[in-house]
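Summary of structural features
So you can see what is in the structure, the chains are spelled out below.
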Amino acid sequence: MSDKYDMVDKTIDDVYCRLVDNVSDKVEVLLFSKTGRMGLQRNSNLNKTLLIFSVFVCETISSQVPRPRGVSLSRASLYPPDKDFTCFDGSATMPFSKVNDDYCDCYDASDEPGTAACPHGIFYCTNAGYKPMNIPSNRVNDGICDCCDGTDEYASGAECVNNCAELGKSAREAAQLRAELVKAGRQVRAEMSQKGVNAKNEKQNKHQELQKNKEDAEKLKEEKEYLKNEAEKLENAALEYYRKLEEEAKKKKVEEEAAKNRAEAEETFKKLDSNQDGLVSIEELQTRTSFDKDHNGEVSPEEAKWFLNDQEQVDLDAFINSCWTSVKPYLLMDSGMYTPPSPDDTTGSEAQDMQEGQHEGESEGNEDEEEETEDDEDTEEHEAPEPVHEEYSVTYDEETQKLVDQANTARTAFQDAEAQVRDIESELQRIQEYLEKDFGPEEEFAPLQGQCFEYHDHEYIYKLCPFDRTCQQPKSSSSETRLGTWGHWSGPESNKYHAQTYDKGQICWNGPARTTIVNIDCGSENKIISVSEPNRCEYVFEFVTPAACHDQLDGDDIRDDLHDEL
Amino acid sequence: MAFLRVIPILYVASCSLAVVKENFKTCEQSSFCRRLRGFKAEVSPYQLDLTDLLVTDNALETKLINTETNSHFKVSLSAVHGDIFRIQVDEVMGLYPRYNPQYALNGEPQPAKLRVVDKSKEHITVQYSDNKATLHAKPFKVEFVKDDNLVAVLNSRGLFHFEHYRTRPTESENEVEHQKIEDPGAWEENFKSHHDSKPKGPSGIAVDITFPGAMRAYGLPEHADKLPLRTTNGGEPYRLYNLDVFEYEVDSPMAIYGAVPVLYAHSPKHTVGFFWHNAAETWIDITNSKDENVMSSLVNLVSGSKESSVSAHFISESGIMDMFVLMGPKPRDAVKQYASLTGVAPLPQYFTLAYHQCRWNYNDQDDVTSVVANFDIHDMPVDIMWLDIEYTDGKKYFTWDPVKFPNPDEMVNNLTSTGRKLVVIIDPHIKREAGYFLHEDAVANDYYVKNKDGTVYEGWCWPGSSSYLDFYDPKVVDYYKGLYAFDKFKGTTDDVYIWNDMNEPSVFNGPEITMPKDCIHHGNWEHRDIHNEYALSHTIGTFKGLVERSPTRRPFILTRGHFAGSQRYTAMWTGDNAADWSHLAISYAMCASEALGGISFCGADIGGFFGNPDMELLQRWYQAAVWLPFMRAHAHIDTRRREPYLFSEDVKNRVRIALRLRYAHLPLWYTLFYEHETTGEPVIRPLFYEFPEEAEVLDIDNEILVGNAVLARMIAEPGVSTISVYLPGGPTEQWYDIEDFKMYQGGTHNIPVSLDKIVAFYRGGNIIARKDRPRRSSSLMHNDPFTLYVALDNKQTASGTLFVDDHASFEYRAKKYLYLHLEYADNTLTSNLIDKTDYPTKEWVERVVIFKPPPGVKAATLTSKTLGTVDLEVAYTREHKALVIRKPGVNIREPFSIKLY
């Protein structure tokens, strides 16, 4: 255990100042000047993106700071070699020789920063040329090179190659690439942001404009309504005469119909009353196959009785009043003139009653001579009474006709005004929804709305339509499975715009509704770069877009890591 | 009565996941079980003809006659080395040969000398050591006496029955009256939509055996049931028939994946084992006199007293009747006797005892890499990553999905770079796909199991239409083992091991989800004859493949289907359990039962395979699994991801502590496995095994002993703040809580428990060698130092062992190992090598912790050959519960002593 202190590489990197140790186990340090902190400058003379490292200064400070293995320079002063060592938690004091002697004396592991003796110690690797690292001390001398400078494997026999320089170089290159990417991206982002802001302004202006239009349209609507009402008053008055004529005609028609119906009923009664005793009985009905409701080939007493309104027999009046409505459809059906409303409808008379009721209700104010059994679904809604029923194609006198025409014109004008208000309202609604969406602090994500991006893996095509939905489609078919519907931004607290959640997708068999997390990173173009399903029915899209290339991402933090402490 | 009230609540609680019982037969639905369970005779019709007797040094052979059918059988009774009697019954001139399992026994049992001590026309008595067996002629009955105590009686209840093979009567001819078998299923039977043609007709065998004085019976794995066997009268018998039971339920005698037909009848006085060496479908009725007033009369018949007894009725569908009576007298003896017949597990590689991380499925090779990386980031150890069926190219075993696993070599290298390993699944069903080399080879060379008409059998399994390799054909095994060669199974290396699943075999569209019984194996055996042995035959092929592939590495195979003898080749796990407290609770009982059945290398999937465990259940499961030999987390494809690093800091901490505790005890597990191989003693033990005289431990199965030094009590009760633990041994026994070193005497203790608490004790009198330095994986701990935990008994002494070698190769069989005997007495700890062996190691002694140490110790000196005499620092822990000796620093290869002053 002679090498209690770091044996640190003596070479000095072109860019970085390095730790240098001397023979007496003391560490000489070339401290990196705080004032010479590396930064990025853009050479504005060149149009192309060029990042260069600014000049920095190394001050050479000779210090005699002894540093136990695994301790960072900033904590070196906590280990004065000329004094007894006290655990940081104060739990024990011991001769300094017990520091890093491969036996854990402190509960807080502070006596063994450079060995694996304590279960939860921390080992610091300087990794000169690259990022320094704190690793769990249980990785010390386990045969695996964890630190790029190899300092964690000083007694395991593992042959670690110091590759910090390479790592540092590639990290810096990566950082530079990243910085370039971010820079290029920021320009696009600015454009996107501008588009977004413009779009928002447009929408806002449009919104205001529409608000105003809406007021105008509403006024117009009121006006047209007034005119329509006035015209209809005149029209109504003029049509009163014709309406009376119409009612009379209708009444007459109804009476005729009733008489015809009664005659028909009487005739049927006579026909059914086989024994001419003035009563129709169950037995008599049983001989008529028309009454075989269940089509089983015979008319059961129950079936017959149903037609007789649960009586054993009925006389003519009773037949007309309470049986005819049940009997008639079956006779008609038998003669092919009637199709029942639904095949399983056994309460024919009730259904018919209901139909009549509906019909009357809906055609109120109309003279209606249609067959009661006619389908009435196509009856239109009328806000105003139609002046004339087609079947009563009455010819009005010239003056009346004029009033009717004027009223028609007024009605059309009102309907048009009304439609315009509705149109404006729905347009407003759409704009409102757009304006309520969060397209980023500078509207930079707004241009993504309305676009869709695809990602093809070997089996599926994945689609992201930002602010709308995510979905998946097998390459072998066209059926699309929705993986999520736009929900909300869901990045970490530091930047919620780093992720989006699309939830309430299609329900998984035997499982939950599908959801998608879209992680968003800076990229030179809008693109899905990978899709995975880490949990069943929980998808993760990695999406890059220039919209995510913002100022905090210019790579400073990465380069800071690279030369921490130096 | 209180217990009856509890049942409906449990039932409701476990309703969410439930087995479809209708898919599996009851005894009543199985013709031979129905027939033989119903076989009753006032007096057994079976009689010996002792005039026809052949006696040799090791055996006697005589004739048995069914006096009702006049069918003849030969009976042999032989002595097997190690206090075992073997009785075999077979037909004389039978119509067809009968099957005797080929793979269960570890070679032919070693005969022992037997002498006739008494003989008449009515009986003959033979003696072997202090064991006697008496054959009674009329009716047939065999009594077994140990040290002058009657311990077992075969056919005491007259249930012995042997359906000799016969020709099927044509419809016109009446069957010979006295040979008639009335059961409608005797000659063919149907279950659900499946037809069993039974070309050989009825062939059932049955016998009862009664154990006078016994208080409990144990064994007969595999069942998801409590450790002590329950009385089955009026209910379903225990069933042994390897089946893939979807969502199996606990507290049930239903058959599941494995079958080990060995039973132990136990009382504080003596323990006897009974091994029913048969691979066909088997049902066992158990009657314990404590549950049955009726039994007392039967017992009186046998023993003439009113003492307790246990009786078992074994019923099998076919095969020779081959039985071993393991004469005990203690559980340890009987279990070792069983091990002497069926063999032991060879020492596994060290890493196999560490933590395994599995899931159906890790999506792709990046997923595998990232899971391990996350374990490292969160500083939790893991040794082995597992790949379930989705790694294959379309469920074609020995292939890789080219999209998800395009570079298995790269993935494996990534794992091994931090000492990790990979296990991949290989099932016995083969996809019937043109162009799949394995299928084409199998068709071309006739490797598949056949239908009864000689055509290749096709069933449905993961790949869809599949056929099944017939491992009964030596040429198939030769071919199959070659598939594991690195040039055949591309992407595998010495660090890739094998998981054999679905080998009951599971057939999705077969009767009871398995293969039809009238299928034909090599040697013209029906599947009916060999069914329970099929998985074993499969894993033997794999074992041979791995040995040939990696001759310097001990194989590791995990199997689901298993049989007596499987321990020689594989570890097993309790199959597709569920994320339910009841499944955690049953895991110790299931593995303890397997351990008694010779299979110590057992575990239950942490977290439960089906369903999503809540955080409390998951943590408790990790804590409990520290103390089972095989420690693996696994999960169904429909469940949420549950790698332990995904959870809150609290949960992560608790799991990390549990995993580190496991890794700290790996030297103990490893030593116990070494000792298992050399002695046959199980690695984990139910309490009655170590404390046979203690009536209080008879029914305890939520506690388990790891070796004889550690007692673990699982917490399978949600939301508890106090648990009750029974510590055996009485007031003179000293137990030490492994976390706070608190000492408890034998007896029942209520212990407060938080979610952090892992309830485990070291037994006074033991020295446990641990490696307390955590690492990412076990292979990175090889050179780390030991801490010796000395748990003193009330005589202030303790002893222990420690086995050390290269953790991987067969070199230990060439004396390249260290086997330490550690002893503490007279305030001195000494270490000596037990065998004259050597293994150069860097491992050294970092610390000694003495529980309940002598007072007033001021210093210690270490003496060894190379270090001479060195002074060591000592310090008492708080409240003087323990004394810590600081850094002895001696290499464990070197004998040493440490004396306290």
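Reading the values: rules and limits
- Residues numbered from 1 in each chain as written.
- Chains lettered and ligands numbered in written order.
- Predicted model: local features only at pLDDT ≥ 70, side-chain atom pairs only at ≥ 80, totals over all residues.
- Heavy atoms only, no water.
- Pairing = 2+ DSSP bridges.
- Helix = DSSP H or I, 4+ residues; strand = E, 2+ residues; numbered from the N terminus.
- Axes fitted to C-alpha atoms, helices over the stretch in contact; angles between N-to-C directions.
- Expected span 1.5 Å × (residues − 1).
- Buried < 20%, exposed > 50% of the residue type's maximum accessible area, 1.4 Å probe, protein only.
- Phe/Tyr/Trp six-rings, centres within 6.5 Å; stacked < 30°, edge-to-face > 60°.
- Lys NZ or Arg CZ within 6 Å of the ring centre and 35° of its normal.
- Lys, Arg positive; Asp, Glu negative; His and termini not counted.
- Salt bridge = Lys/Arg side-chain N within 4 Å of Asp/Glu carboxyl O.
- Polar contact = N/O pair within 3.5 Å; in protein donor to acceptor, adjacent residues only side chain to side chain.
- Contact = heavy atoms within 4.5 Å.
- Core = buried A, V, L, I, M, F, W, Y, C linked by side-chain atoms within 4.5 Å.
- Disulfide = S-S within 2.5 Å.

What follows is about the sheet that holds strand β17 (residues 515-522) of chain A. Residue and element names in this part refer to chain A. The strand order across the open sheet built from eight strands is β12-β13-β14-β15-β16-β17-β19-β18, with neighbouring strands paired in mixed fashion. Each edge of the open sheet carries a strand with a single partner, namely β12 (453-456) and β18 (527-535). The average angle at which neighbouring strand axes cross in this sheet is 25°, direction not considered. As paired elements, strand β15 (residues 481-489) and strand β16 (residues 499-503) share four bridges and run antiparallel to each other. Bridging from a neighbouring strand, Trp486 pairs with Tyr502 of β16.

Between its first and last C-alpha atoms helix α10 (residues 534-549) of chain B spans 23 Å; for 16 residues at 1.5 Å apiece the expected length is 22 Å, and the two agree. With 13 of its 16 residues buried, α10(B) lies for the most part within the structure.

Centre distance and the angle of the planes are the two values used to describe a pair of aromatic rings. Residues and elements named next belong to chain B. One pass over the full model with this rule turns up 85 aromatic pairs over all chains. Geometrically, the ring pair formed by Tyr762 and Tyr789 is tilted, given 6.1 Å between the ring centres and 55° between the ring planes. Taken together, the residues Tyr762 in strand β43 (residues 760-763) and Tyr789 in strand β45 (residues 786-791) connect sequence positions 27 residues apart. Since its relative accessible area comes to 0%, Tyr762 is described here as buried. Residue classification places Tyr789 among the buried positions, given a relative accessible area of 8%. Through pairs of rings, three or more aromatic residues link up here, namely Tyr391, Phe398, Trp400, Phe405, Phe471, Tyr480, Tyr484, Phe489 and Tyr534. Seen from the ring of Tyr241, Lys517 lies directly overhead, with NZ or CZ sitting 5.1 Å from the centre.

Residue and element names in this part refer to chain B. Among the structural elements, Glu675 can be located in helix α14 (residues 666-679). One buried charge, Glu675, has no salt-bridge partner; the nearest side chain with opposite charge is Arg685, at 5.6 Å. Side chain to side chain, Glu675 and Thr801 meet in a polar contact 2.6 Å long. Here the side chain of Glu675 touches Tyr819 through a polar contact of 2.4 Å, side chain to side chain. Each residue touching Glu675, except ones within four places of it in the same chain, is listed here: Gly680, Thr801 and Tyr819.

The subject of this paragraph is the nonpolar core. Soluble globular proteins: nonpolar side chains tend toward being buried together. Counting residues in hydrophobic clusters, the biggest one holds 270 residues, and the most contacted among them are Phe144(B) and Trp627(B). No other element matches the eight residues that helix α11 (residues 581-596) of chain B contributes to this core. In this structure, Val421(A), Ile424(A), Tyr497(A) and Phe541(A) belong to the second largest nonpolar core, which totals 31 residues.

Turning next to the state of the cysteines. Throughout the structure, instances matching the rule amount to 10 disulfides over all chains. A disulfide bridge connects Cys522(A) with Cys549(A), and the sulfur atoms are separated by 2.0 Å. Because the sign of the S-S torsion sets the handedness, a value of about 90° for the bond joining Cys522(A) and Cys549(A) places this disulfide among the right-handed ones. Taken together, the residues Cys522(A) in strand β17 and Cys549(A) in the loop between β19 (538-545) and α7 (556-562) connect sequence positions 27 residues apart. Looking at Cys522(A), the relative accessible area reads 3%, which means it is buried. Sulfur-sulfur distance for the disulfide between Cys27(B) and Cys33(B) comes to 2.0 Å. Disulfide Cys27(B)-Cys33(B): the torsion about the S-S bond is -100°, which places it as left-handed. Note on Cys27(B): relative accessible area 1%, which makes it buried. If the cysteines joined by disulfides in chain B are listed in sequence order, their pairing comes out as 1-2, 3-4. Free cysteine: Cys471(A), not disulfide-bonded; nearest cysteine sulfur from Cys465(A) at 5.7 Å.

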